[in-house]
Amino acid sequence: MSSEINLRQRGRAMMDFEVSARQKATAINRVVERELADHGITAESLPDDMDARHAAIDTALAGSVAYRWKHMLGDYCSAEHGRAAVAAFEEARVDLMPIIAQQNQGAVTIDYRPGFEPPAYFARTWFHRTEGGWDGHPQNGFIHGEIVHRKYVSRVFPGDIYGNRRAVARLAPRTDYKDILELGTSSGHYTVALSEVFPDARITGLDPSPRMLEQAARVGNALDKDWHLIVGIGEDTGLPDESFDLVTSYAVHHEIPPKAIEAMFAEAFRVLRPGGTVLMADVGRYRDLDKLTAWRFDWTARYGGEPFWRATATLDFVPLAEKAGFVDITAGSMQNGDKYYYIRGSKPA
Ligand SMILES: C[S@@+](CC[C@H](N)C(=O)[O-])C[C@H]1O[C@@H](n2cnc3c(N)ncnc32)[C@H](O)[C@@H]1O
């Protein structure tokens with residue numbers, strides 16, 4: 001969206017407070033890191049097993065005030081920024097609803113698939129500690145995209161959110177894709193990158209969350225796109241055999257259990273035309289990270305409402321892609337410090 005929406009005074013103050021709390025958590029993390037070093041804890045000294053690694057650090061820092069604050073703020077920031085965003089939205093509702101109605105106008109379509117039931121793991125998880133889950137509020141897409149993202153995440157983590165997504169899209173071996181299927185579209189960040197890298201392709205985006213797809217539609221409308229969005233799941237899309245030539249996802253695997261990831265590769269194979277490409281990227285593999293960095297990721301996932309993160313970050317995707325039938329598989333770390341992992345392969349021609 002081109003310009004930021006205005007909140008009312010209390011909502012603005014609440015979001016500013018959440019940003020300050022998160023920035024304070026970053027400062028406290030630096031103290032904890034110094035204390036770890038003072039205790040002689042290094043990547044090399046930590047145990048291989050992740051639970052044992054947590055236990056070793058918990059024991060070493062048992063008397064640390066900063067470590068207690070790290071836990072308190074980790075918990076507070078994860079749970080509260082979403083609640084603050086909902087309250088800020090409700091305070092400004094009369095100003096914001098007309099903006100939503102206006103942003104809904106455009107060429108992007110949503111197929112809601114009446115009767116669609118999300119899988120149990122999705123329905124019972126409040127990802128990112130978002131109250132009620134991704135669909136917990138009727139305007140959660142707008143709240144997530146316009147308030148959480150623009151007034152919290154982008155201030156806590158400034159930078160180009162599309163940069164890494166564009167870099168992933170450019171890992172595709174071809175540029176002439178006609179039909180692209182994106183699994184886990186959410187509010188459309190990777191969709192924007194796909195549109196930039198493959199401007200002539202027809203893009204279909206799929207996600208179990210109608211509320212997030214509604215935000216993706218608004219993002220696409222603002223860019224004058226004609227994306228086709230569908231409510232559904234990557235492991236069982238309901239789309240016809242051999243109807244796409246690129247199936248791709250960004251940051252989706254860590255929100256689903258390993259069995260569903262396996263099914264997602266098989267489903268990608270089914271809907272791809274012969275010679276088509278699968279390209280998926282997600283959080284870094286723990287084995288590619290040093291043990292302290294992996295512990296930091298795991299700690300964040302523990303408070304961040306990410307029940308499947310560790311299982312995903314320790315799963316080997318290559319055998320799953322092979323089992324689905326893909327060939328010419330390459331997998332590895334992105335260049336930005338191993339924090340992102342990608343896998344790509346082809347359906348035999
Ligand atoms: C962290 S968001 C990532 C979004 C997006 N691709 C991006 O680049 O920002 C993960 C998304 O995956 C969706 N998701 C969860 N389970 C899924 C499934 N089984 N199939 C497809 N998408 C799923 C969630 O609803 C959520 O919108």
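Quick caveat: nothing in here was measured; it's all calculated off a predicted structure. (Residues numbered from 1 in each chain as written. Predicted model: local features only at pLDDT ≥ 70, side-chain atom pairs only at ≥ 80, totals over all residues.)

Trainee: So what's going on with the site of the ligand? Residues and values would help.
Mentor: Near the ligand there are 22 residues, and of these Gly184, Ser186, His189, Tyr190 and Gly234 occur at the shortest range. Looking at the shell around the ligand residue by residue, the class counts come to 12 nonpolar, six polar and four charged. (Near = placed C-beta within 6 Å. Nonpolar A, V, L, I, M, F, W, Y, C, P; charged D, E, K, R; others polar.)

Trainee: Which residues make up unusual backbone geometry, and what values go with them?
Mentor: Positive phi is not limited to glycine here, since serine 186 has a value of about 50°. Tracing the backbone shows serine 186 in the loop between strand 2 (179-183) and helix 8 (189-197). Given 25 C-beta atoms within a 10 Å radius, serine 186 is considered buried. We note that alanine 251 has phi near 60°; this positive angle belongs to a residue other than glycine. Along the polypeptide, alanine 251 turns up in the loop between strand 5 (244-250) and helix 10 (258-271). Note on alanine 251: 18 C-beta atoms within 10 Å, which makes it partly exposed. (Helix = DSSP H or I, 4+ residues; strand = E, 2+ residues; numbered from the N terminus. Buried ≥ 20, exposed ≤ 12 C-beta atoms within 10 Å, placed from the backbone.)

Trainee: Describe the domain arrangement of the protein, and please don't skip the residues or the numbers.
Mentor: By domain assignment, the protein separates into domain 1 (9-107 + 125-155) and domain 2 (162-346). For domain 1 and domain 2, the distance between their C-alpha centres works out to 23 Å. Facing 27 residues of domain 1, the contacting portion of domain 2 comprises 25 residues. Counting only elements with at least two residues in the side of domain 1 that touches domain 2, the list comes to helix 2 (50-60), helix 3 (65-91) and helix 6 (140-156). With five residues, helix 6 is the single largest residue contributor to the side of domain 1 that touches domain 2. By residue class, the composition of the side of domain 1 that touches domain 2 is nine nonpolar, 14 polar and four charged. (Domains from an automatic or database assignment. Contact = placed C-beta atoms within 7 Å.)

Trainee: Tell me about the packing of helix 1 (residues 9-38) against helix 6, and name the residues and values.
Mentor: For any two helices packed against each other, one specifies the inter-axial angle together with the distance between the axes. The geometry of helix 1 relative to helix 6 is characterised by a closest axis approach of 9 Å and an angle of 30° between their N-to-C directions. In this view, helix 1 runs roughly parallel relative to helix 6, as classed from their interaxial angle. Of the two elements, helix 1 crosses helix 6, and the hand of that crossing is right-handed. Residue-level inspection shows Met15, Glu18, Val19, Arg22 and Gln23 of helix 1 in contact with helix 6, the latter providing Ile147, Lys151, Tyr152, Arg155 and Val156. (Axes fitted to C-alpha atoms, helices over the stretch in contact; angles between N-to-C directions. Parallel < 35°, antiparallel > 145°, perpendicular 65-115°, else oblique. Left-handed = near helix turned anticlockwise from the far one by under 90°.)

Trainee: Residue-level account of the environment of glutamate 90, with values.
Mentor: The topology assignment puts glutamate 90 in helix 3. Residues glutamate 90 and glycine 11 lie 79 residues apart in sequence; the distance between their C-alpha atoms is 8.8 Å.

Trainee: Tell me about helix 10, residues and numbers included.
Mentor: Compared with an ideal rise of 1.5 Å per residue, which puts 14 residues at 20 Å, helix 10 spans 20 Å between its outermost C-alpha atoms and is within 8% of the ideal. Burial in helix 10 covers these residues: Ala260, Ile261, Met264, Phe265, Glu267, Ala268, Phe269 and Val271. Buried residues along helix 10 sit against strand 2, strand 5, strand 6 (272-283), helix 12 (309-313) and helix 13 (317-324). (Expected span 1.5 Å × (residues − 1).)

Trainee: Can you break down helix 6 residue by residue, with the values?
Mentor: Under the 1.5 Å per step criterion, the end-to-end length of helix 6 is only 20 Å for 17 residues, more than 12% shorter than the ideal 24 Å. For helix 6, the set of buried residues is Asn140, Gly141, Phe142, Ile143, His144, Gly145, Glu146, Ile147, Val148, Lys151 and Tyr152. On its buried face, helix 6 is in contact with helix 1, helix 3, helix 4 (93-103) and helix 9 (210-222).

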